[in-house]
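# Observations on the model geometry
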Amino acid sequence: MSPQPQAAVGAPLSRVDGVLKVTGQAEYAAEHDIKGVVHAVIVDASIGRGRITAIDTRAAEKHAGVLRVIHHGNAPKLPYRDNAGSNNPQGRRLRVFQDDKVLFHGQPVAVVVAHTLEAAQHGASLVKVRYDAEQPSTDLPKAEPGVPTNYARGDAEAGLRSSAVRLDLTYELARNHHNPMEPHATIARWDGNRLTVWDKTQWVMGTHDEIAAVFDLPADAVHVINPFVGGGFGSGLRCWPHTIVAALAARETKRPVKLVLSRKQMYFGTGFRPSYEYRLRLGSDRRGRLKAAIHDIDAETSSYETFNEAVMLAGQMLYSMPNVRQAYRQVPLDVNTPIWMRGPGFASASFVIESAMDELAHRLGIDPIELRRRNEPSEDESTNEPFSTRRLSECYTVGAREFGWDRRNPKPRSTRDGDWLIGLGMATGVYDPGRFPAQARARLNADGTAVAEAATSDMGPGTYTAQTQVAADALGLTMRTVTFRLGDSLYPPTSPHGGSATMASVGSAVVEACNKVRQQAIKLAVEDRESPLYGVNADDVVVRNGRLHVQNNPARGETYKSLLARHDRSHLEANGSYTGPGSNRSAYFAYNATFAEVAVDANLGLVRVRRMLGVYDAGRIISPKLAESQALGGIVGGIGTALLEHTVTDHRDGRIVNANLADYLVPVNADVPEIKAIYLDGEDNAGNLLGVKGLGEVVQVGVAAAIGNAVFNATGRRIRQLPITAEVLL
């Protein structure tokens, strides 16, 4: 078959939805204009653990405009049937308003529904709740861990004993919250026994399935709509309790209900990156060849669900090492359940592993890049599978050259700029991009335009644009004649929009659907005696700008429009699917080498990032302009993790002290330095049709470690906790 021309994929195109967003025409979850909508405000538990002994709703119910106050004492019992397809972590879910138990500070204990938002807010303030409070357990180091998940190869203890150089290091990583620009929100409307939900979600079908399970509805009775997401970073990867509350309130009041979480409520309502205590014991010979590593990992989870993430994988496959042992323990606490956050698992593990590698390099007097090269594996030693592609050595070479690594003085505290101590650091990043089942539908219209559809989301990476590029090239159309639709459970089902999975998974389904449509058109033409293409081998026909023609004879051909008109066809349509990597037995990872230059005030301990560079082995880049945005955003997020972000909990009652953007610090323009991203040219065809690896997660992995290693080079102080603040440097 002749290769289909590629005009859109690889081009630095602007976002197809950009005009809608900058002109305010894009409708986010809370902005849909639903006739007759009323407003709901959640009343949050003010204790961290215990029972509700009484709820006084009389004042709230008398307030003008209040329609209903719902709580465990008057709410109907919901079925919460088992649902194997649900997106909740293992456990028993948080069953809102089903009993008097309080499991964490901020848990929904009531909801006030009113004609106006102001009435609902004031009504919520009038609800009086009495508790039988208990002392909550919210302090990770003081809590009892659960049963560990273990991994081992070789004999790690013996390997450590025989190592000439040994490190025994303990790291503390703070909890991080996602803080997307758009707050989480839901509008719910019942039409008889059918429920329509406009919801901020990164997994349309997951939210659909969870709602169906909670209310025991058939699949076709639930409709979830989500065309735009104002940032997610992982916070929308499951259906949260407020969505269920909104649907319940709508059913009880028989009115469409809008519920928008406040910024404060998002800190205990929509998950977080869990805090970690991570001990790493590392051993090598005097030439820097790693011999053994023992990882002891404790991470917070909730008392009612068990959340885990891929924090173990990097320690198993990133470097060649004969002896590895890991124990990953979830520590149940009286908190809400964590959720995946950009670079989940790998971002946390990379700070530990890459900081330790830098410390080992300094101990041995070996350049940090050279140490990593000496421990480059030839295969994934955790599975004995070959790498699909692994170009870390090239990332190191390109990064060192472009960043000016040869100008780095390995002696800490040796480079100054006035009162500022200057340091350079680097780290390796790795992530296993998801490849999940997905479906898509494509339709070619008689007027030569086309539509492709899938129930995926777009939280910001540019799904609308990238999928339009893929569809346009597969159909042989221009970008302006193709529309990609997403964010609706009536479209073909897809996997979660996260884990760097969307391009490989949904993109492969879109390509297959569009290829089928194009092949239908070619078959029509070559079998049509009236077509200029009659009798031509179908494999020799390509389509460019909506015109079918012979690959080596562009003059012989016709347009989609003329072909469909002659056959009196209103459209051609096909479904495409992607089932995952299948029998492909290769280790499929995306990689980076991240470089940082920092300045540290010698007197005040203030850290300022001056410049950063990321070099990425991420397979085929579908849209360079979107990729650049992803890299810059990931690096900025890593700066936040390294230097600013830290959720503070009052362990007396489980209250989050800094649940606002004034006290929970995230990077602003003044914190963002010169940033550059470089993408190695190439493809990775392991298990997807596009040759992509996914970019959205790996761009944040390794950033915090690179900054921490630069801080050490600048100051001689090795900081083993995040964030790295002035207090810990003084």
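Helix and strand counts for the protein stand at 17 helices and 32 strands. Relative to a compact globule of 730 residues, whose C-alpha radius of gyration would be 27 Å, the protein shows 27 Å and is just as compact. On the protein, roughly 27700 Å² of surface is accessible, and the fraction owed to carbon and sulfur atoms is 48%. Taken together, the 81 basic and 80 acidic charged side chains of the protein have centroids lying 1 Å from each other.

On the basis of which strands lie adjacent, the open sheet formed by 4 strands has the order β22-β21-β20-β26 and mixed pairing. If you trace the sheet from one side to the other, it starts and ends with β22 (482-485) and β26 (571-578), each paired once. Between one strand axis and the next, the sheet turns through 15° on average, direction left out of account. Against the sheet, helix α12 (residues 463-475) makes contact with β21 (450-453) and β22, and its axis sits at roughly 135° relative to β22, the strand it touches most. Across the face of the sheet, helix α13 (residues 502-526) comes into contact with β20 (438-445), β22 and β26 while running at roughly 145° to β26.

This next bit is on the sheet that holds strand β2 (residues 50-56). One open sheet accounts for 3 strands, arranged β5-β2-β7; its pairing is antiparallel. Each edge of the open sheet is held by one strand with a lone partner, namely β5 (101-102) and β7 (128-133). Alignment of β2 against β7, held across 6 bridges, turns out to be antiparallel. Within the sheet, the bridge partner assigned to A54 lies in β7 and is R130.

Here the focus is the pairing of β22. Burial of the side chains of β22 is restricted to one face: V482 and F484 are buried, whereas none of T483 and R485 on the reverse face is. Where β21 meets β22, 4 bridges bridge the pair, whose relative direction is parallel. Bridge pairing links E453 to R485 in β22. Running through α12, the crossover from β21 to the neighbouring parallel element β22 is right-handed.

Turning to the environment of G694, a few remarks are in order. In this fold, G694 is placed in the loop between β31 (674-679) and α16 (703-715). Overall, G694 belongs to the buried group, its relative accessible area being 12%. With 73 residues separating them along the chain, G694 and I621 place their C-alpha atoms 8.7 Å apart. When residues no more than four places from it in sequence are discounted, the contact partners of G694 are P433, S500, A590 and A618.

With that settled, consider the packing of aromatic side chains. Within this structure, the stated rule accounts for 12 aromatic pairs. Summarising the aromatic geometry, the rings of F104 and Y304 are spaced 6.0 Å apart at their centres and angled 20° between planes, so their arrangement reads as stacked. You can see F104 sitting in the loop between β5 and β6 (108-114) and its partner Y304 sitting in the loop between β15 (290-302) and β16 (305-306), a full 200 residues away along the chain. Taking relative accessible area as the criterion, F104 reaches 3% and is therefore assigned buried. Here F228 and Y464 contribute two aromatic rings whose centre-to-centre distance is 5.4 Å and whose plane-to-plane angle is 35°, an arrangement assigned as tilted. One end of the pair, F228, is in the loop between β12 (222-225) and α6 (241-253); the other, Y464, is in helix α12, with 236 residues separating them in the sequence. Cluster of aromatic residues (ring-pair linked, three or more members): Y28, F228 and Y464. We note R251 situated over the ring of W190; from NZ or CZ to the ring centre the distance is 5.7 Å.

With 96 residues, the main nonpolar core has L282, V598, Y616 and I707 as its most contacted residues. Those residues in contact with V598, other than ones at most four positions away along the chain, are L421, I422, G423, V607, R608, V609, R610, I707, A710, V711 and A714. Counting 56 residues, the second largest nonpolar core, distinct from the first, contains A440, L444, F484 and V541.

Between helix α9 (residues 346-364) and α16, whose axes approach to 8 Å, the crossing angle comes to 30°. As judged from the angle between their axes, α9 and α16 are roughly parallel. Here α9 runs over α16; the crossing is right-handed. The segment α9 lies against α16, with S350, F351, E354, S355, D358 and H362 engaging A704, A705, N709 and F712. Taken together, the residues of the contact of α9 with α16 sort by class into 4 nonpolar, 4 polar and 2 charged.

Here the amide bond leading from L722 into P723 is cis, since omega sits at 0°, within 30 degrees of zero. Within the secondary structure, P723 sits in the loop between β32 (721-722) and α17 (726-729). Backbone geometry places F97, a non-glycine residue, at a positive phi of 60°. In this fold, F97 is placed in the loop between β4 (90-91) and β5. When its relative accessible area of 3% is taken as the criterion, F97 is described as buried. The phi angle at D216 is positive, at roughly 55°, despite the residue not being glycine. Topologically, D216 is positioned in the loop between α5 (204-215) and β12. You can call D216 partly exposed: its relative accessible area is 43%.

Next up on the list: the pattern of salt bridges. Side chains that differ in charge, positive against negative, can pair when their charged atoms come close. A complete count under the given rule lists 43 salt bridges for this structure. Between R585 and E385 there is a salt bridge, and its shortest N-O distance comes to 2.8 Å. Taken as a pair, R585 in the loop between β26 and β27 (590-601) and E385 in the loop between α10 (368-374) and α11 (392-403) lie far apart in primary sequence, 200 residues in all. A relative accessible area of 13% means that E385 is categorised as buried. Note that R566 and D528 form a salt bridge whose closest N and O atoms lie 2.8 Å from each other. On the criterion of sequence distance, the pair formed by R566 in helix α14 (residues 560-566) and D528 in the loop between α13 and β23 (541-544) is long-range, its members being 38 residues apart.

Our focus in this paragraph is the packing of α12 against α13. Axis separation between α12 and α13 bottoms out at 8 Å; the angle between their running directions is 30°. When the axes of α12 and α13 are compared, the pair comes out roughly parallel. By crossing handedness, the relation of α12 to α13 is classed as right-handed. Here T463, A466, Q467, V470, A471, A474 and L475 of α12 lie close against α13, whose contacting residues are T502, M503, V506, G507, V510, V511, C514, N515, V517 and R518.

A separate point is the environment of W340. With respect to the helices and strands, the residue W340 is situated in the loop between β17 (323-333) and α9. With relative accessibility at 29%, the residue W340 sits in the partly exposed group. Apart from the residues within four sequence positions on either side, W340 is in contact with H178, F233, G234, S235, L237, F307, N308 and E309.

Residues of the protein with pLDDT of at least 70 account for 98%, and the chain-wide mean is 96. Predicted confidence for residues 84-91 stays below pLDDT 50, and this span has 23 contacts to residues more than four positions away or in other chains.

What counts as what
- Residues numbered from 1 in each chain as written.
- Predicted model: local features only at pLDDT ≥ 70, side-chain atom pairs only at ≥ 80, totals over all residues.
- Heavy atoms only, no water.
- Helix = DSSP H or I, 4+ residues; strand = E, 2+ residues; numbered from the N terminus.
- Rg over C-alpha atoms; globule rule 2.2 N^0.38 Å.
- Areas by Shrake-Rupley, 256 points an atom, 1.4 Å probe, with all protein chains shown as cover.
- Lys, Arg positive; Asp, Glu negative; His and termini not counted.
- Charge placed at Lys NZ, Arg CZ, Asp CG, Glu CD.
- Pairing = 2+ DSSP bridges.
- Axes fitted to C-alpha atoms, helices over the stretch in contact; angles between N-to-C directions.
- Contact = heavy atoms within 4.5 Å.
- Buried < 20%, exposed > 50% of the residue type's maximum accessible area, 1.4 Å probe, protein only.
- Right-handed = clockwise from strand over helix to strand, strands pointing away.
- Phe/Tyr/Trp six-rings, centres within 6.5 Å; stacked < 30°, edge-to-face > 60°.
- Lys NZ or Arg CZ within 6 Å of the ring centre and 35° of its normal.
- Core = buried A, V, L, I, M, F, W, Y, C linked by side-chain atoms within 4.5 Å.
- Parallel < 35°, antiparallel > 145°, perpendicular 65-115°, else oblique.
- Left-handed = near helix turned anticlockwise from the far one by under 90°.
- Nonpolar A, V, L, I, M, F, W, Y, C, P; charged D, E, K, R; others polar.
- Salt bridge = Lys/Arg side-chain N within 4 Å of Asp/Glu carboxyl O.
- pLDDT = per-residue confidence, 0-100.

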